Amino acid sequence: QVQFVESGGGLVQPGGSLRLSCAASRSRSIFEAYTMGWYRQPPGKQRELVARIGSGGSTNYADSVKGRFTISRDNAKKSVYLQMNSLGPEDTAVYYCNGALNFRTVEIGNFASWGQGTQVTVSS
């Protein structure tokens, strides 16, 4: 099982930017085959998928973040990133990454385990 470690969260003012990183624990060959997703869980709400990137680099975004967030991956570093711009208070959440060989698993977020996530707080 591949484990992922998220980092890069913090406190940012409205309109600001952050770049989140997610590093995989397993081999590059396994990571390369994975569809990866960034998720977030706002306080008191369910976790939701905000962006995903396929093994070939295709991307998909939730409507709420389109045009503001960009997901990317660096297979050599076994990492996936989430560039977040024009942040607003509604983006405050714990952000998680996860991945699977099957993109449907990433779509529905049906994972047996999750990392600790990284807290993003947007506030003035």
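Above this note sits the structure.
Treat the numbers as computed from the prediction; the structure is a model and nothing was measured.

### Quick word on the nonpolar core
- One finds Phe-4, Met-36, Trp-38, Ile-71, Leu-82, Met-84 and Tyr-95 to be the most contacted residues of the largest nonpolar core, which totals 28 residues.
- Listed by contribution, the elements that provide at least two residues to this core are strand S3 (18-24), strand S4 (35-41), strand S5 (48-53), strand S7 (69-74), strand S8 (79-84), strand S9 (93-100) and strand S10 (118-122).
- When sequence neighbours within four positions are dropped, the list of residues in contact with Ile-71 reads Met-36, Trp-38, Ala-51, Arg-52, Ile-53, Thr-59, Tyr-61, Val-80, Tyr-81 and Leu-82.
- Counting six residues, the second-largest nonpolar core is a separate cluster that includes Tyr-39, Val-94, Tyr-96 and Phe-111.

### What about the packing of aromatic side chains?
- In the structure shown here, the tally under the stated rule is five aromatic pairs.
- A centroid spacing of 6.4 Å and a plane angle of 55 degrees characterise the contact between Phe-4 and Tyr-34, whose relative ring orientation is tilted. Pair noted here: Phe-4 is in strand S1 (residues 4-7) and Tyr-34 is in the loop between helix H1 (28-33) and S4, with a separation of 30 residues, a long-range link.
- With a centroid separation of 4.9 Å and an interplanar angle of 90 degrees, the aromatic rings of Tyr-39 and Trp-114 are classed as edge-to-face.

### Here's the deal with the pairing of S8
- Burial runs high along S8: five of the six residues are buried.
- With six bridges connecting them, S3 and S8 associate as antiparallel partners. In the strand pairing of S8, Ser-21 is matched with Tyr-81.
- Pairing of S7 with S8, which is carried by six bridges, proceeds in the antiparallel orientation. Bridge assignment links Ile-71 to a residue of S8, and that residue is Leu-82.
- The antiparallel hairpin formed by S7 and S8 contains four residues in its connecting segment, where Lys-78 sits at a positive phi of about 50 degrees.

Conventions adopted
- Residues numbered from 1 in each chain as written.
- Predicted model: local features only at pLDDT ≥ 70, side-chain atom pairs only at ≥ 80, totals over all residues.
- Heavy atoms only, no water.
- Core = buried A, V, L, I, M, F, W, Y, C linked by side-chain atoms within 4.5 Å.
- Buried < 20%, exposed > 50% of the residue type's maximum accessible area, 1.4 Å probe, protein only.
- Helix = DSSP H or I, 4+ residues; strand = E, 2+ residues; numbered from the N terminus.
- Contact = heavy atoms within 4.5 Å.
- Phe/Tyr/Trp six-rings, centres within 6.5 Å; stacked < 30°, edge-to-face > 60°.
- Pairing = 2+ DSSP bridges.

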